[in-house]
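# Notes for the structure review
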Amino acid sequence: MLKIVLIGVLFIFSTVGRTQEKKQETSLSIAFQFGKVESFPSLQLNGKLFKEIVYESSIGVGVRTTIFQGRLFPQFSLGVGYNVLHAVSDKVCLSPMISSRISGYRLSPQTRLSYTEVMPGYSFSWGTRIRLVQSAFFGKGWEWNQNNELLAPFWTFSVNLGIGYVF
Amino acid sequence: MYFKVVSIFILGIVISCSKSSQDFADVGVLGHAATGLFNPNQLFTQNSAEGIEYVLSFEEASGIEVDIQLSKDGGIWLFHDELLDDRTNATGQICEKSNTELQAINYTTLNKEKLALLSAVDFSKANGAKKVFLDIKVGACDFDFDVFERIKTSFLALEEQYNGVIEFIFIVNNDELIAPFLAEGFTIFTDVASYQDALTILDSYNLAGFFIRHYQLSVSEIEQLKLLNKEVILFEIRSSLTVRKTLKMKPDYILVEDVKTAIVEKYE
């Protein structure tokens, strides 16, 4: 599991490294994701892929399961959208976005639960140096129980709020 | 700067993940209304067929408690509240409506689960032997049939269908129903508010066990009831902290709002 966390962290760093040359396009935020399955405090990266195509990626851990119960519950998310306010201002970004996230934890010695969620929504950010980021998504999720090999589909949502620094 | 933030983040995770383990193998985990009455993270709503089948699919869950109510024409429906108003797209009571009317009702949740007949639940999807506690809630209606006989008929059909896999047990809190259930040899549990209440009821009825709020009973009182060969099921268990606390009290079962949270604590 630690390997997955490290790969996620390296991914974030490598993305920062690539975009640092561009001016004020990438922000690293501390965010809180309130979701259907769990709530995740996370490190979130917002930036530009090319032209007005933007991304939002994050790595976080479930509050209840990881922090209060001591069972690691990591989540990785990646969203891609289009900044519809690119012509208005550099300070503000509003993007319809499709976001996917994967997460999972060990429920018991014999059972591992994995979650995959795919959600359309929007991402909004505002600020020049200190940036407020907010996004909300609603879509479909699937819980995979590796013990009984059952896939449980469910409706899911995520509301995220964070504050970050623009590089 | 980034490195510091990320290091503190990872260190926090590592510290919070290191805990000592204890053995709670003797304490069973039951889902309250299957997926919980007060569980914002539930994937399926309380007392729904989907929720029941979902919770019973966990090998680690010992079973569930569900609420049953009778319709006007004697169907046994799964529903907790007295009124349909707060949780469904309908109004009124279950006992005022016919089976046909109830079939059209759904919960006002994201999944819009249909109101379910007890007989519509596929208990064969259970992962191993499970206990299903049926909490009988009789509404404020006068029925033109014998309530006990109607429940008994449905129960015997279920017992025959799932014999050896699911053990159906009644929770009866209605004095008029306790006597006929016991007379027919059914295993009966009831809700009590204290150890003294349990002893008082045992003076009149030979019940199999009790449901009691976790803060209304001490560890020594649980031991005393076990010595009397009565099972103790603690409820009103919402947070992971309360799950941990109640597991340490060593009842026979804990009736929890979130089965997955309880399983994590049990197998920490």
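Residues numbered from 1 in each chain as written. Chains lettered and ligands numbered in written order. Predicted model: local features only at pLDDT ≥ 70, side-chain atom pairs only at ≥ 80, totals over all residues. Heavy atoms only, no water.

This next bit is on the overall build of chain A. A tally of helices and strands in chain A yields two helices and eight strands. The buried share among the 167 residues of chain A stands at 54%. Put simply, 53% of the contacts in chain A that link residues at least 6 apart link residues at least 24 apart. When the accessible surface of chain A is summed, it comes to about 7,700 Å², and 69% of that surface belongs to carbon and sulfur atoms. (Helix = DSSP H or I, 4+ residues; strand = E, 2+ residues; numbered from the N terminus. Buried < 20%, exposed > 50% of the residue type's maximum accessible area, 1.4 Å probe, protein only. Contact = heavy atoms within 4.5 Å. Areas by Shrake-Rupley, 256 points an atom, 1.4 Å probe, with all protein chains shown as cover.)

Turning our eyes to something else, we now look at the pattern of salt bridges. A complete count under the given rule lists 10 salt bridges over all chains for this structure. With its nearest N and O atoms 2.8 Å apart, the salt bridge here joins Glu143 of chain A to Lys260 of chain B. Within this pair, whereas Glu143 of chain A is found in strand β7 (residues 130-145), its partner Lys260 of chain B is found in helix α9 (residues 259-266), the two belonging to separate chains. The pair formed by Glu143 of chain A and Lys260 of chain B is uniform in burial state, with each residue classed as buried. Glu167 of chain B serves as the salt-bridge partner of Lys131 of chain B, at 2.9 Å between the closest nitrogen and oxygen. Pair noted here: Lys131 of chain B is in strand β5 (residues 130-136) and Glu167 of chain B is in strand β6 (residues 166-171), with a separation of 36 residues, a long-range link. Lys131 of chain B sits in the buried class, given a relative accessible area of 17%. (Salt bridge = Lys/Arg side-chain N within 4 Å of Asp/Glu carboxyl O.)

Let us now look at the packing of helix α4 (residues 147-161) of chain B against helix α5 (residues 175-183) of chain B. Residue and element names in this part refer to chain B. It is at 10 Å that the axes of α4 and α5 come closest, and there the two elements cross at 50°. The orientation of α4 relative to α5 falls into the category oblique. Remark: the crossing between α4 and α5 carries right-handed chirality. Between α4 and α5, the residues in contact are Val147, Phe148 and Ile151 and Leu177, Pro180 and Phe181, respectively. (Axes fitted to C-alpha atoms, helices over the stretch in contact; angles between N-to-C directions. Parallel < 35°, antiparallel > 145°, perpendicular 65-115°, else oblique. Left-handed = near helix turned anticlockwise from the far one by under 90°.)

Taken together, the contact pairs 33 residues of chain B with 45 residues of chain A. Summed over both sides, the interface between chain B and chain A buries roughly 3,200 Å², with carbon and sulfur atoms accounting for 63% of that surface. Linking chain B to chain A there are two salt bridges. For the pair chain B and chain A, the number of links is 18 residue pairs in polar contact (both at pLDDT 80 or more). (Buried area = accessible area lost by both parts, 1.4 Å probe. Polar contact = N/O pair within 3.5 Å; in protein donor to acceptor, adjacent residues only side chain to side chain.)

Take the state of the cysteines next. Residue and element names in this part refer to chain B. Enumeration over the complete set of coordinates arrives at one disulfide over all chains. Disulfide partner of Cys95: Cys141, at an S-S distance of 1.9 Å. Its torsion about the S-S bond being 55°, the disulfide of Cys95 and Cys141 is classed as right-handed. Here the residue Cys95 occupies a position in the loop between β3 (76-78) and α3 (99-103), and Cys141 occupies one in the loop between β5 and α4, the gap between them amounting to 46 residues. We note that Cys95, like Cys141, is buried. (Disulfide = S-S within 2.5 Å.)

Residues and elements named next belong to chain B. Topologically, Leu78 is positioned in strand β3. Leu78 gets classed as buried once you look at its relative accessible area, which sits at 0%. For the pair Leu78 and Val66, spaced 12 residues apart in sequence, the C-alpha to C-alpha distance is 6.9 Å. When neighbours within four sequence positions are excluded, Leu78 is seen to be in contact with Asn47, Ile52, Val66, Asp67, Ile68, Tyr107, Leu115, Ala116, Leu117, Leu118 and Val121.

With that settled, consider helix α2 (residues 49-56) of chain B. Among the eight residues that make up α2 of chain B, seven are buried, leaving the element largely enclosed by the rest of the structure. Looking only at α2 of chain B, the buried set comprises Ala49, Gly51, Ile52, Glu53, Tyr54, Val55 and Leu56 of chain B.

Moving on to the confidence of the model for chain B. Residues and elements named next belong to chain B. Per-residue confidence for chain B averages 91 on the pLDDT scale, and 92% of its residues sit at or above 70. Taking the mean pLDDT of every element in chain B, the minimum, 58, falls on helix α1 (residues 2-16) and the maximum, 98, on strand β10 (residues 253-256). Reported confidences for the modelled complex are a pTM of 0.87 and an ipTM of 0.84. (pLDDT = per-residue confidence, 0-100.)

The subject of this paragraph is the side chain of Asp258 of chain B. Along the polypeptide, Asp258 of chain B turns up in the loop between β10 and α9. In terms of polar contacts, Asp258 of chain B uses its side chain to reach the backbone amide nitrogen of Lys260 of chain B, at 3.1 Å. Beyond its immediate stretch of four places on either side in the chain, Asp258 of chain B contacts Arg64 of chain A together with Asn39 of chain B.

A separate point is the pairing of strand β8 (residues 209-213) of chain B. All names here are of chain B. Counting buried residues in β8 gives four out of five residues, a clear majority hidden from the surface. Pairing between strand β7 (residues 188-191) and β8: three bridges, direction parallel. Counterpart to Phe189 in the pairing with β8 is Gly209. Note on the crossover from β7 through helix α6 (residues 195-204) to β8: the handedness is right-handed. Read from β8 through helix α7 (residues 219-227) to strand β9 (residues 231-237), the crossover connection turns out right-handed. (Pairing = 2+ DSSP bridges. Right-handed = clockwise from strand over helix to strand, strands pointing away.)

With the rule as written, the count across this model stands at 25 aromatic pairs over all chains. Between Phe34 of chain A and Phe157 of chain A, the aromatic rings sit 5.9 Å apart at their centres with planes inclined by 50°, giving tilted as the arrangement. With Phe34 of chain A in strand β1 (residues 27-35) and Phe157 of chain A in strand β8 (residues 150-166), the pair connects residues that are 123 residues apart, well separated along the chain. Owing to a relative accessible area of 44%, Phe34 of chain A belongs among the partly exposed residues under this scheme. Ring geometry for Tyr162 of chain B against Phe168 of chain B: centres 6.4 Å apart, planes inclined by 55°, an arrangement best described as tilted. By the ring-pair criterion, three or more aromatic residues cluster together here, those being Phe40, Phe73, Tyr105, Tyr115 and Phe154 of chain A. When the ring centre of Trp155 of chain A is taken as origin, the NZ or CZ atom of Lys140 of chain A, which lies over that ring, is 4.2 Å away. (Phe/Tyr/Trp six-rings, centres within 6.5 Å; stacked < 30°, edge-to-face > 60°. Lys NZ or Arg CZ within 6 Å of the ring centre and 35° of its normal.)

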